[in-house]
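Understanding the architecture of this molecule
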Amino acid sequence: SLYSSTRRPTPGMLDGLDAIVVDLQDVGARFYTYSTTLAYLMELAAERGIQIFVLDRPNPVNGMAVQGPMLDIEKRSFTGYWPLPVRHGLTLGEFARLIKAEAGIAVKLTVIPMEGYRREFWYDDTGLPWLPPSPNLTSVTAAVLYPGVGMVEGAEVSVGRGTATPFELVGAPWIDGQHLAAELERLTLPGLSFHAAEFQPVASRYAGEQCRGVRIEVSDRDALDTPAMGLALAATLYRLYPQQFSLDKTSGNIGNQATLDAIRAGLEPGEIIASWRETLNTFHARRKPYLLY
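Below, the structure is looked at part by part.

The rules behind these values
Residues numbered from 1 in each chain as written. Predicted model: local features only at pLDDT ≥ 70, side-chain atom pairs only at ≥ 80, totals over all residues. Heavy atoms only, no water. Pairing = 2+ DSSP bridges. Helix = DSSP H or I, 4+ residues; strand = E, 2+ residues; numbered from the N terminus. Axes fitted to C-alpha atoms, helices over the stretch in contact; angles between N-to-C directions. Parallel < 35°, antiparallel > 145°, perpendicular 65-115°, else oblique. Left-handed = near helix turned anticlockwise from the far one by under 90°. Contact = heavy atoms within 4.5 Å. Nonpolar A, V, L, I, M, F, W, Y, C, P; charged D, E, K, R; others polar. Buried < 20%, exposed > 50% of the residue type's maximum accessible area, 1.4 Å probe, protein only. Phe/Tyr/Trp six-rings, centres within 6.5 Å; stacked < 30°, edge-to-face > 60°. Patch = residues over 30% accessible without salt bridge, like charges linked within 9 Å, V, L, I, M, F, W, Y side chains within 5 Å. Areas by Shrake-Rupley, 256 points an atom, 1.4 Å probe, with all protein chains shown as cover. Salt bridge = Lys/Arg side-chain N within 4 Å of Asp/Glu carboxyl O.

1. Observations regarding the sheet that holds strand β6 (residues 169–172)
Taking strand neighbours across the sheet as the criterion, the 3 strands line up as β6-β8-β7 in an open arrangement whose pairing is antiparallel. Single-partner strands in this sheet number two, and they are β6 and β7 (192–199). Strand-to-strand, the axes of this sheet are offset by a mean angle of 25°, without reference to chain direction. The sheet contact formed by β6 and strand β8 (residues 211–218) spans 4 bridges and is antiparallel.

And the structure:
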């Protein structure tokens, strides 16, 4: 396992290997750790002269949308290893091509591309069955909302883990769900709506406790900017509950100090979201040479 106390392969794991085949279903969010695991493998394989083969798979939330704040290089961690926006629009194979070039990893890399894939596909457009890439991504809807809701997960809120609808819920025992829903609805974020909800997780944060908060419903996923929704959640929770909601604990997944400072300064979410535009335009150009589809 490389998702435990051991996150980089040990030398013994690689002894006698000629090649490593990577066949992982990524979910299109910067803080989902499969891309970091791949990067670690590539770095160590380069040192040992081992080939890497990536069997490419779809980006479940489509390969067109590029959204959210850019990771600051000084905030690199297991949940964000390379300067990417939250929603990067890359397949795992395309990410491998990009980081090999940008980080100068001297590994012999072969990406086996998919047949019949188009960038605009959401996962359920592919005709493939949804198999959860990790236990709480139980549906395409959960994967669609994950790049947004995951931005606040480090703080003292439940994101629906331990319920039937992970990432469709955000709540805590100290939240007034009606008030939170009204404040989020006031922002008129395209493609979704917020409704007051009560739920009791059976696992993870606040297991066995009654949580109040919001249920997030997607009405138009093509219009949806999930990192903008995540920013709205973070900013609104911090404004309403500054004593209970620790903004600093979202730093790892938001990954951008200017965004955190803007939330703390009380800037309107729309103004903060607009501040990402220039770096996103630059990223579109950065990623273009590495696209396969």
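2. A short note on the packing of helix α6 (residues 226–240) against helix α8 (residues 257–264)
As a packed pair, α6 and α8 sit with axes 9 Å apart at the nearest point and diverge in direction by 40°. Considering their axes alone, α6 and α8 lie oblique with respect to each other. Crossing angle aside, the handedness with which α6 passes α8 is right-handed. The segment α6 lies against α8, with Leu-231, Ala-234, Ala-235 and Tyr-238 engaging Thr-259, Ile-263 and Arg-264. Looking at the contact of α6 with α8 residue by residue, the classes come out as 5 nonpolar, 1 polar and 1 charged.

3. Some points on the environment of Ile-272
Looking at the element boundaries, Ile-272 is found in helix α9 (residues 269–274). The exposure class assigned to Ile-272 is buried, which follows from its relative accessible area of 2%. Each C-alpha atom of the pair Ile-272 and Ser-1 lies 39 Å from the other, and the pair is 271 residues apart in sequence. Excluding its chain neighbours within four sequence positions, the residues that come into contact with Ile-272 are Leu-231, Thr-259, Ala-262, Ile-263 and Leu-267.

4. Considering unusual backbone geometry
In this structure, Asn-62 takes a positive phi of about 80° despite not being glycine. You can see Asn-62 is positioned in the loop between β2 (51–55) and β3 (67–70). One non-glycine residue, Tyr-206, lies in positive phi territory at about 60°. By secondary structure assignment, the location of Tyr-206 is in the loop between β7 and β8. Judged by its relative accessible area of 17%, Tyr-206 falls in the buried class.

5. Quick look at the packing of aromatic side chains
Tallied over the entire structure, the rule returns 11 aromatic pairs. Centre to centre, the rings of Phe-31 and Tyr-146 are 5.3 Å apart; their planes meet at 70°, and the pair counts as edge-to-face. With Phe-31 in the loop between β1 (19–22) and α2 (34–48) and Tyr-146 in helix α4 (residues 140–149), the pair connects residues that are 115 residues apart, well separated along the chain. Judged on exposure class, the residue Phe-31 and its partner Tyr-146 are both buried. When the ring of Tyr-117 is compared with that of Tyr-293, the centres are 5.0 Å apart and the planes differ by 85°; the resulting orientation is edge-to-face.

6. Points about a nonpolar patch on the surface
Together, Val-21, Leu-55 and Ile-112 make up a nonpolar patch on the protein surface, roughly 230 Å² of accessible area in all. Within the secondary structure, Ile-112 is located in strand β5 (residues 109–112). The partly exposed category is assigned to Ile-112, whose relative accessible area is 38%.

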